[in-house]
Structure formats: structure tokens, C-alpha cells
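For reference, the chains in residue letters:
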Amino acid sequence: MMSRSGYWHPVFFAALWVPLGVVWTALMNPIIKLLRALNLHSHPRTPSNKSLVGKVAIVTGSNSGIGRETAYGLAKRGCTVILACRNEVKGKVTEEEINAALERESKHGSIDGSKGKAIYIQLDLASLSNVVKFVDNVKGRFQSIHILVNNAGLNATGYKTTSDGIDLLMGVNYLAHYLLTKLVLPLMPDSPDSRIVNLSSVLHHFGSINWIKTLKPSTFRNGYAPSKLAMVYLTIYLRSKFKSENRKIRVFAVNPGAVRTEIWRFLPKFLLVPLDYVIMKTFFLDSEQGSMTSIAGACNSFEDNIFYLSPYLVPRVFNWSWLPLVEVMGPFVGFTAEKKAMVSKNPQEVAEALWKVSNEAVSGILGGEYVLVQSPTSK
């Protein structure tokens with residue numbers, strides 16, 4: 001079982017685990033390519049092309065990288081996609097670019113004529129009051145939300161906080177998405193086609209479950225790993241909640257993989273330059289590949305017990321202690337579907353604790369009216 005100490009700084013992760021992932025990928029890629037050439041191994045799975053005409057989705061952090069490709073992928077299937085981004089200039093440019101691309105593809109007959117569209121609505125996840133404002137804007141324009149992709153994520157080093165005084169990474173990557181999910185839920189129809197997709201990461205294996213501590217900013221402790229672990233436990237909690245309420249909404253945690261996006265810009269140059277030019281360009285996924293697990297979680301039909309999606313080959317001979325190695329990077333298979341989360345031995349108890357701490361944090365900042373509903377096991 002992985003440590004939950006919370007001191008796995010991403011710089012150390014990049015220095016230690018990425019080279020191991022590179023070795024694993026370099027060894028396995030030629031083997032998988034040979035097996036595919038001999039028709040002994042399947043080619044990468046692609047998300048379902050089911051029509052999403054009439055559906056409305058929210059994708060946070062969708063003006064670049066994985067989020068942009070996720071938004072475009074959903075829009076190509078006929079969905080109206082709300083680009084929930086902080087930067088207004090980038091958000092409007094992305095809206096124009098996606099809609100122009102959809103128009104071009106529609107004219108060439110490469111997508112359904114009933115195409116979707118992108119709509120920018122400003123969202124600053126570093127401010128919980130702005131999350132409330134965003135949802136109010138959404139409610140004023142849409143009666144239902146069918147898909148919520150909690151994609152946006154930051155990485156950084158040093159002492160940084162949200163406008164509410166929460167650790168910046170825990171605040172943006174997790175707590176704001178927690179509140180967003182709570183406020184959007186009343187708009188989601190009770191249907192298996194209603195989806196919540198929570199972006200996690202291989203680093204969730206190294207996160208701390210001391211939730212109170214992780215919400216507090218620290219100069220020496222990085223909040224990225226615990227924020228991604230919190231997204232896994234949020235998924236666990238919501239699945240339990242919906243099951244207890246006999247609701248049909250599906251919830252998935254997804255690992256996009258090691259993707260060459262702007263999220264790596266926090267790394268010091270002595271690591272970033274060789275990582276980018278030697279490793280990222282050769283072994284990392286591009287943003288479109290990184291969006292596969294998110295789009296699959298939003299579109300595909302899965303068995304009820306499917307919980308976690310990963311883009312890499314996961315050999316079944318591997319036990320939990322080796323999972324970080326095969327999740328760092330590896331042969332790209334589109335997505336694999338796992339039936340359980342590789343977390344603590346008492347996941348429901350830990351998820352309940354996270355829900356309670358999050359309730360208290362949001363209530364303390366915004367006031368009691370935003371306290372979330374009772375936990376599914378509470379009387």
C-alpha cells in the first residue's frame with residue numbers, strides 16, 4: 001500500500017518515478033507494437049461516438065490542454081459545452097476556435113450535422129464565491145446539465161493560497177470542484193447518461209488523507225497529490241450517495257496519463273528542459289490522447305462497478321504496490337476500466353471524513369446555506 005504521508009513533492013516524483021516510467025514504456029512499447037502487428041493485441045480503444053445532441057456539459061479548465069480536447073470531443077458529438085475557465089480572453093478565443101472547427105467539420109460531412117457548440121462562461125476556481133456566481137449564471141441559461149467534467153488543475157510550488165485562504169492546489173483542484181458539483185447536482189437528470197467525471201492522477205497514490213492539514217497552505221508541502229487523491233474519494237462518496245438514494249447518475253475518477261501540457265510549467269528549468277526535449281516529446285501523451293479517459297467517462301456505457309479509468313496498459317499480474325509504475329506512463333491503450341480504487345482499506349470511512357471536512361470548510365467561508373446534504377450513511 002502506498003504511503004499517505006503527503007510529502008511526495010512533484011519535483012521528486014518527476015526525478016524518481018518518471019525515469020522508471022520511461023524505462024517501462026521503452027521496454028513495453030515495441031512489444032505491444034509487435035503484438036498489434038500480429039493481431040495478437042487490440043489497438044487503442046476510442047470513446048463511444050454516441051450522439052450527445054440535446055445534452056449540456058460543463059468542462060472546467062477547457063481553454064487549453066486536456067480540457068480543451070475534452071470539450072471539443074463532446075461538442076463533436078452534438079453536445080453544448082460550457083467552457084468554464086478563469087481567463088476571459090483565452091476562454092472566448094477557445095469558444096470561437098472550437099465553433100469554427102465544428103463548422104468546418106460539419107461542412108465536410110465528418111461530424112453529425114446536428115453539431116454541438118462551445119459557450120464560454122467565466123469561472124475562477126480560486127474563489128468559492130465565484131463558483132456560486134458561475135452556477136447562478138448557468139442556471140439562468142440552462143435548465144439541465146447532463147455532464148460535468150471536473151478537469152481544471154494547477155500545480156505549483158511554495159506557499160500559495162486561494163482568495164479564501166485555502167491551499168491553492170487543494171482549493172482549485174479539489175474544494176472548488178466539490179462545491180461546483182454540489183451546486184450542479186440539482187440540475188442533473190436522474191439518468192445513467194448523466195455523468196460526473198473527476199480528473200485524478202497517478203500522484204493520487206502518494207497523497208495524504210489528513211484532509212484538515214492538506215487544506216492549509218504550506219511552504220514545504222505540495223498539495224497536488226492530496227488534491228488528486230481527494231478527487232478519488234469524492235468519487236467514492238458520490239457513488240455511495242447515489243446508490244443509497246437509488247439515483248442513476250454515473251461517477252468516474254480518471255487518470256489522463258502523463259500528458260505534455262502547461263501543467264508542467266511549474267518545474268524548475270533544470271528539470272523542465274531535459275524533461276520536455278528528451279522525455280515529454282518521446283514518451284508523453286498529447287492532449288487529445290489525454291482526453292480519452294474523460295470523454296469515455298462522459299460517453300461510454302460501463303458496468304455499474306467500473307470506477308476508475310486509465311489510459312495505459314495495466315498488466316493484471318501487478319499488485320497495488322506496483323501500480324504507480326504502470327500508471328506513470330506506458331503503452332497507450334485509449335482507456336482501461338478498473339472496478340475499484342487503489343486507496344485505503346477503509347475507503348468509505350475516509351470519504352466520509354473528506355466530505356465532513358469539506359462541508360465545514362465551505363460553510364466557514366460562504367456560510368451555512370452552502371453546507372452539503374447529509375452523508376449517505378448518516379441517520
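Since this is a predicted model, take the numbers as computed values, not measurements.

A.B. asks: Would you explain the overall build of the chain in this entry?
C.D. replies: Summing up its helical and strand segments, the chain has twelve helices and eight strands in all. Pairs at least 24 residues apart make up 77% of the contacts formed inside the chain by residues separated by at least 6 positions. For the chain, the computed accessible surface area is about 16300 Å², with 55% contributed by carbon and sulfur atoms.

A.B. asks: Honestly, the pattern of salt bridges in this entry has me stumped. Any pointers?
C.D. replies: Pairs may arise between side chains of opposite charge once their charged atoms sit close together. Inspection of every chain in the model, using the stated rule, returns five salt bridges. In this structure, glutamate 97 and arginine 68 form a salt bridge, with 2.4 Å as the shortest nitrogen-oxygen distance. In this pair, glutamate 97 is assigned in helix α3 (residues 88-107) and arginine 68 in helix α2 (residues 65-76), connecting sequence segments 29 residues apart. One salt bridge connects arginine 247 with glutamate 245, and the closest N-O pair in it is separated by 3.9 Å. For arginine 247, a relative accessible area of 25% puts it in the partly exposed group. Exposure remark for glutamate 245: the relative accessible area of 37% places this residue in the partly exposed category. One salt-bridge network, in which partners are shared between bridges, spans Lys241, Glu245 and Arg247.

A.B. asks: It is not clear to me how the packing of aromatic side chains should be interpreted in this structure. Could you clarify?
C.D. replies: Throughout the structure, instances matching the rule amount to six aromatic pairs. On the basis of an interplanar angle of 75° and a centroid distance of 5.8 Å, the ring pair of tryptophan 211 and tyrosine 233 is categorised as edge-to-face. Taken together, the positions of tryptophan 211 in helix α6 (residues 211-215) and tyrosine 233 in helix α7 (residues 224-244) put the pair 22 residues apart, joining distant regions of the chain. Looking at tryptophan 211, the relative accessible area reads 4%, which means it is buried. Owing to a relative accessible area of 0%, tyrosine 233 belongs among the buried residues under this scheme. Taking 6.1 Å as the distance between ring centres and 80° as the angle between the ring planes, the aromatic pair formed by phenylalanine 302 and phenylalanine 335 counts as edge-to-face. Highlighted residues: phenylalanine 302 in the loop between α10 (292-299) and β7 (308-312) and phenylalanine 335 in strand β8 (residues 332-338), separated in sequence by 33 residues. We note that phenylalanine 302, like phenylalanine 335, is buried.

A.B. asks: Looking at this structure, I do not really get the nonpolar core. What am I missing?
C.D. replies: The tendency in soluble globular proteins is for nonpolar side chains to be buried side by side. Counting residues in hydrophobic clusters, the biggest one holds 59 residues, and the most contacted among them are Ile82, Phe134, Ile145 and Tyr174. Per-element tally for this core: the top contributor is helix α5 (residues 168-184), with eleven residues. Counting residues in hydrophobic clusters, the runner-up holds 50 residues, among them Ala101, Tyr120, Cys299 and Phe335.

A.B. asks: So what exactly am I meant to see when it comes to α10 here?
C.D. replies: For an α-helix, 3.6 residues make a turn, and residues three or four places apart therefore share a direction. When you tally the buried positions in α10, you get eight out of eight residues, the bulk of the element. Along α10, the residues classified as buried are Met292, Thr293, Ser294, Ile295, Ala296, Gly297, Ala298 and Cys299.

A.B. asks: I keep staring at the packing of α2 against α3 and nothing clicks. Help me out?
C.D. replies: When two helices pack together, their arrangement is given by the angle between the helix axes and by the axis-to-axis distance. The N-to-C vectors of α2 and α3 enclose an angle of 40°; their axes lie 11 Å apart at closest approach. Considering how the two elements wind past one another, α2 and α3 form a crossing that is right-handed. Residues Arg68, Ala71, Tyr72, Ala75 and Lys76 of α2 form the contact with α3, whose participating residues are Thr94, Glu97, Ile98, Ala101, Leu102 and Glu105. Here the contact of α2 with α3 is composed, by residue class, of six nonpolar, one polar and four charged.

Here is what the cut-offs are and how they apply
- Residues numbered from 1 in each chain as written.
- Predicted model: local features only at pLDDT ≥ 70, side-chain atom pairs only at ≥ 80, totals over all residues.
- Heavy atoms only, no water.
- Helix = DSSP H or I, 4+ residues; strand = E, 2+ residues; numbered from the N terminus.
- Contact = heavy atoms within 4.5 Å.
- Areas by Shrake-Rupley, 256 points an atom, 1.4 Å probe, with all protein chains shown as cover.
- Salt bridge = Lys/Arg side-chain N within 4 Å of Asp/Glu carboxyl O.
- Buried < 20%, exposed > 50% of the residue type's maximum accessible area, 1.4 Å probe, protein only.
- Phe/Tyr/Trp six-rings, centres within 6.5 Å; stacked < 30°, edge-to-face > 60°.
- Core = buried A, V, L, I, M, F, W, Y, C linked by side-chain atoms within 4.5 Å.
- Axes fitted to C-alpha atoms, helices over the stretch in contact; angles between N-to-C directions.
- Left-handed = near helix turned anticlockwise from the far one by under 90°.
- Nonpolar A, V, L, I, M, F, W, Y, C, P; charged D, E, K, R; others polar.

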